[in-house]
Amino acid sequence: MVDFGEILKTIGDFGFFQKLIVLGLAFPNFLLPLFFCSFLFVQSDPERRCNTDWILRAAPNLSVDEQLNLTLPREEDGSFSRCRMFVPVDWNISAIGEYRLRNTTECMHGWVYGNMPYEATIITDFDLVCEKSNMAEVAQTIFMFGLLAGSFIFGPLADMYGRRRTTQLPAVLLLAFAIVAGLSPNFRVYIGSQFIIGAALGAYRINSVVLATEWIGITKRSFASCMSQLFAGLGQCAMAGLVYVVRDWRKAQYIVAGAQAFVVLYIWWIPESARWLLGKGRTDEAKKLIRKVAAINKKKIPESLLDEVTKERKATSGGMKAIFSSRILIKHIFIISFAWFSLNLGYFSLILNVGKFGLNIFLVQFLFGISEAPAHLLCIWALEYLGRKKSLISTLLTGGLVCLLTLAFPQDNAVAVTVLVTTGKFFLNWAGSVCMVYIQELFPTSVRQTAVGLGSIAFRVAGLLSPLLNMLAVYHHSLPIVVFSSLAVVSGALVFLLPETSRKELPDSTVDGKGNG
């Protein structure tokens, strides 16, 4: 039976159609980092005091200094308390001034914030300070749980119901819940919306890349993954610019939702993967798509070749059972998932610490984003000339070792530390692009999306653990770096056990996948 790769060579394996679909599916990745801005650009410990305007009922003409002296206790250093106030009383101002207030309580009427770099953040809107000061990290963790759920749910669904629908649905969810997040009246609604946004984001990333990759031939197969990652890197730069200009997180949500609405308008025109249709035995639908693609690429396809590639196609079973019934596929999924886990643990540990490297947060975020562009452009070249295996080994080892090197410099050397962590993130992000290409080539069409979903679960678990890993810094600042850097080095060594898949046709059956062992 003729391989689907022969069809691609005939109709154009990277013609106008492929370029269009790569651009259409990669562009939304430019917007995805913007969904992080509400909990990334926050002032975790803003200047504040309890709202004590109750005393103005007794004396409306009090100055601010007089009001604070009468209503707020002082700390040991002489400053006003930022988390406590005197219990309000129904006295006149003379009695308050003479007898003074002594009983204290938590802030009863909210806070008054000052000296803020932002107009509004989730910290100030939902009063996530004092006893609620860890709620920003909770929001990050809930978001990461959403990313994990999206990978777990939508990966297998894409193998069962197709790549197209499981790419379109997340795009719609992102639009709807970006608006819900912006309208959130309280923190519970906000974190609920963040969970669904995270799930949709995780689902879109994995499904869109596989959908594009399955339409591309051998020589340009890395384009789909690398271009998606490139757009995501540029999106990080845009995120820094958006928050720098729009200092209100709700307004930023509405702007992101407006841009996502454009994606929802055109995403319905993205076609299904013909390779998946053939794997499911839906040959008539596959033939129609193949003819359309040939027409768009201005190519002619002999009917005899089309009949040969589609004849006697039977639906192939997939899912986790097919993966875990093969020792070779188990080995592949463990090694590539561990590599993905290690690099993402480091990546998100650095991203979530963006405000703690001693330089301006907007500048560091911009540097983080702009450094990714050359990583993904180099990735396309390296994957073709060095292959998948050497590329992944070298980037994991280099990224881990460079991050370890930051420990050789004092923490107050902001420039040196920022340069090194940006360089380390550059290589870890490069490794992430390689992993996305590599995992698709290691597994056959019938289980490809399930394998990508499993790998993404490891990827997302790492993101979920990264805020917790960063908390180890309270014991020693070097602990998070030592952990994720060491894991990156170990995973790089394990990649030696994987086969090279460069310039080989994508496997369509589990027999083909086992042949890559």
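The coordinates are above.
Residues numbered from 1 in each chain as written. Predicted model: local features only at pLDDT ≥ 70, side-chain atom pairs only at ≥ 80, totals over all residues. Heavy atoms only, no water.

1. Some thoughts on the overall build of the protein
Note the cut-off: Elements are defined by DSSP. Helices are runs of H or I of four residues or more, strands are runs of E of two residues or more, and each kind is numbered from the N terminus. Exposure categories follow from relative accessible area, calculated using a 1.4 Å probe and restricted to protein chains: below 20% of the type maximum is buried, above 50% is exposed, and the middle band is partly exposed. Whether two residues are in contact is decided by their heavy atoms, any of which lying within 4.5 Å being enough. Here the accessible surface of atoms and residues is derived via Shrake-Rupley with a 1.4 Å probe, and residues count as covered only by protein chains that are part of the display. A positive count includes Lys and Arg, and a negative count includes Asp and Glu. His and the chain ends are not counted in either. Here the site of a charge means NZ on Lys, CZ on Arg, CG on Asp, or CD on Glu.
Counting secondary structure elements, the protein contains 24 helices and four strands. Taken over the C-alpha atoms alone, the protein extends approximately 100 × 50 × 40 Å along its principal axes. The buried share among the 517 residues of the protein stands at 58%. Considering only contacts in the protein between residues 6 or more positions apart, those separated by 24 or more positions represent 80%. When the accessible surface of the protein is totalled, it reaches about 21400 Å², and 63% of it is carbon and sulfur. Where the 47 positive side-chain charges of the protein centre and where its 37 negative ones centre are 10 Å apart.

2. Quick notes on the environment of Tyr438
Here is the rule: Polar contact is the term for a pair of N or O atoms within 3.5 Å; when the atoms are in protein, one must be able to donate a hydrogen and the other to accept it, and sequence-neighboring residues count only if both atoms are side-chain atoms.
Along the polypeptide, Tyr438 turns up in helix H21 (residues 414-442). Through-space distance from the C-alpha of Tyr438 to that of Arg82 is 52 Å; in sequence the pair is 356 residues apart. When residues no more than four places from it in sequence are discounted, the contact partners of Tyr438 are Ile336, Arg388, Lys389, Leu392, Val495, Leu498, Pro499, Glu500 and Thr501. A distance of 2.4 Å separates the side chain of Tyr438 from the backbone oxygen of Pro499, its partner in a polar contact.

3. Let's talk about the side chain of Asp248
Note the following rule: Each reported salt bridge corresponds to a side-chain nitrogen of Lys or Arg within 4 Å of a carboxyl oxygen of Asp or Glu.
Counting through the fold element by element, Asp248 comes out in the loop between helix H11 (223-245) and helix H12 (249-267). Buried within the structure, Asp248 lacks any salt-bridge partner; Lys251 is the closest side chain of opposite charge, at an N-O distance of 4.7 Å. Contacts of Asp248, omitting those with residues within four sequence positions, involve Glu119 and Ala120.

4. Digging into the packing of helix H20 (residues 388-405) against helix H23 (residues 479-494)
Rule in force here: Convention adopted: a line fitted to C-alpha atoms gives each axis, helices being fitted over their contacting stretch, and angles between N-to-C directions are expressed from 0 to 180 degrees. Each angle is binned into one of four classes, with values under 35 degrees roughly parallel, values over 145 roughly antiparallel, values of 65 to 115 roughly perpendicular, and all other values oblique. For any pair of crossing helices, the crossing counts as left-handed if the nearer helix is rotated counterclockwise from the farther one by less than a right angle, and right-handed if it is rotated clockwise. Classification used: nonpolar for Ala, Val, Leu, Ile, Met, Phe, Trp, Tyr, Cys and Pro, charged for Asp, Glu, Lys and Arg, polar for all others including Gly.
Orientation of H20 relative to H23, taken along the N-to-C sense of each, is 160 degrees, at an axis distance of 8 Å. By the criterion of interaxial angle, the relationship of H20 to H23 is roughly antiparallel. Between H20 and H23 lies a crossing whose hand is left-handed. Contacts between H20 and H23 involve Ile393, Leu396, Leu397, Gly400, Leu401, Cys403 and Leu404 from the former and Ile481, Val482, Phe484, Ser485, Ala488, Val489, Ser491, Gly492 and Ala493 from the latter. The class makeup of the residues in the contact of H20 with H23 is twelve nonpolar, four polar and no charged.

5. Considering the packing of aromatic side chains
Filter applied, for reference: Aromatic contacts are taken between Phe, Tyr and Trp rings whose centres are within 6.5 Å, Trp giving its six-membered ring; a plane angle under 30 degrees counts as stacked, one over 60 as edge-to-face, and the others as tilted.
Summed over all chains, the structure comprises 22 aromatic pairs. Note on Tyr190 and Trp249: the rings are 5.4 Å apart at their centroids and 85 degrees apart in plane angle, and the pair reads as edge-to-face. Of this pair, Tyr190 sits in helix H10 (residues 187-213) while Trp249 is found in helix H12, placing the two residues 59 residues apart along the sequence. Look at Tyr190 and you get buried, because its relative accessible area is 0%. Taken together, the ring pairs in this structure connect Phe36, Phe39, Phe143, Tyr347 and Phe348 into an aromatic cluster.

6. Overview of the nonpolar core
Spelled out, the test is: Joining through side-chain atoms within 4.5 Å is the link that ties buried Ala, Val, Leu, Ile, Met, Phe, Trp, Tyr and Cys residues into a set, and such a set is a nonpolar core.
If you look at the biggest cluster of nonpolar residues, it comprises 148 residues, and the most contacted ones within it are Ile7, Ile122, Tyr190, Trp215, Leu392, Phe443 and Val495. Ignoring sequence-local partners within four residues, the contact set of Tyr190 consists of Ser38, Phe39, Ile122, Phe126, Ala139, Ala181, Ser184 and Trp249.

7. Overview of the state of the cysteines
Worth spelling out the cut-off: Whenever a pair of cysteine sulfur atoms sits within 2.5 Å, that pair is classed as a disulfide.
One pass over the full model with this rule turns up two disulfides. Paired by a disulfide, Cys50 and Cys107 hold their sulfur atoms 1.7 Å apart. Taking the torsion about the sulfur-sulfur bond, which here is approximately -65 degrees, the covalent link between Cys50 and Cys107 counts as left-handed. Here Cys107 lies in the loop between strand E3 (104-106) and strand E4 (111-114) and Cys50 lies in strand E1 (residues 47-50), a separation of 57 residues in the sequence. Cys50 gets classed as buried once you look at its relative accessible area, which sits at 0%. Of note for the protein: the bonded cysteines, numbered N- to C-terminal, pair according to 1-3, 2-4. Summary of cysteine pairing: Cys226 is not part of a disulfide, and the nearest cysteine sulfur, belonging to Cys379, is at 3.3 Å. Overall, Cys226 belongs to the buried group, its relative accessible area being 0%.

8. Brief notes about a nonpolar patch on the surface
As a reminder of what qualifies: Like-charged residues are merged into a patch within 9 Å and nonpolar side chains (Val, Leu, Ile, Met, Phe, Trp, Tyr) within 5 Å, provided each residue has over 30% relative accessible area and no salt bridge.
A cluster of nonpolar side chains, Phe152, Ile153, Met320, Phe324 and Ile330, forms an exposed patch at the surface whose accessible area comes to about 460 Å². Of all the secondary structure elements, the ones that give two or more residues to the nonpolar patch are helix H8 (135-161) and helix H16 (319-324).

9. Some details on the packing of H21 against helix H22 (residues 445-471)
Taken N-terminus to C-terminus, the directions of H21 and H22 make an angle of 140 degrees; their axes are 9 Å apart at the nearest point. Comparing their axes, H22 and H21 come out oblique. Viewed along their axes, H21 and H22 form a crossing whose handedness is right-handed. Residues Met436, Ile439 and Gln440 of H21 form the contact with H22, whose own contacting residues are Arg448, Ala451, Val452 and Gly455. Taken together, the residues of the contact of H21 with H22 sort by class into four nonpolar, two polar and one charged.

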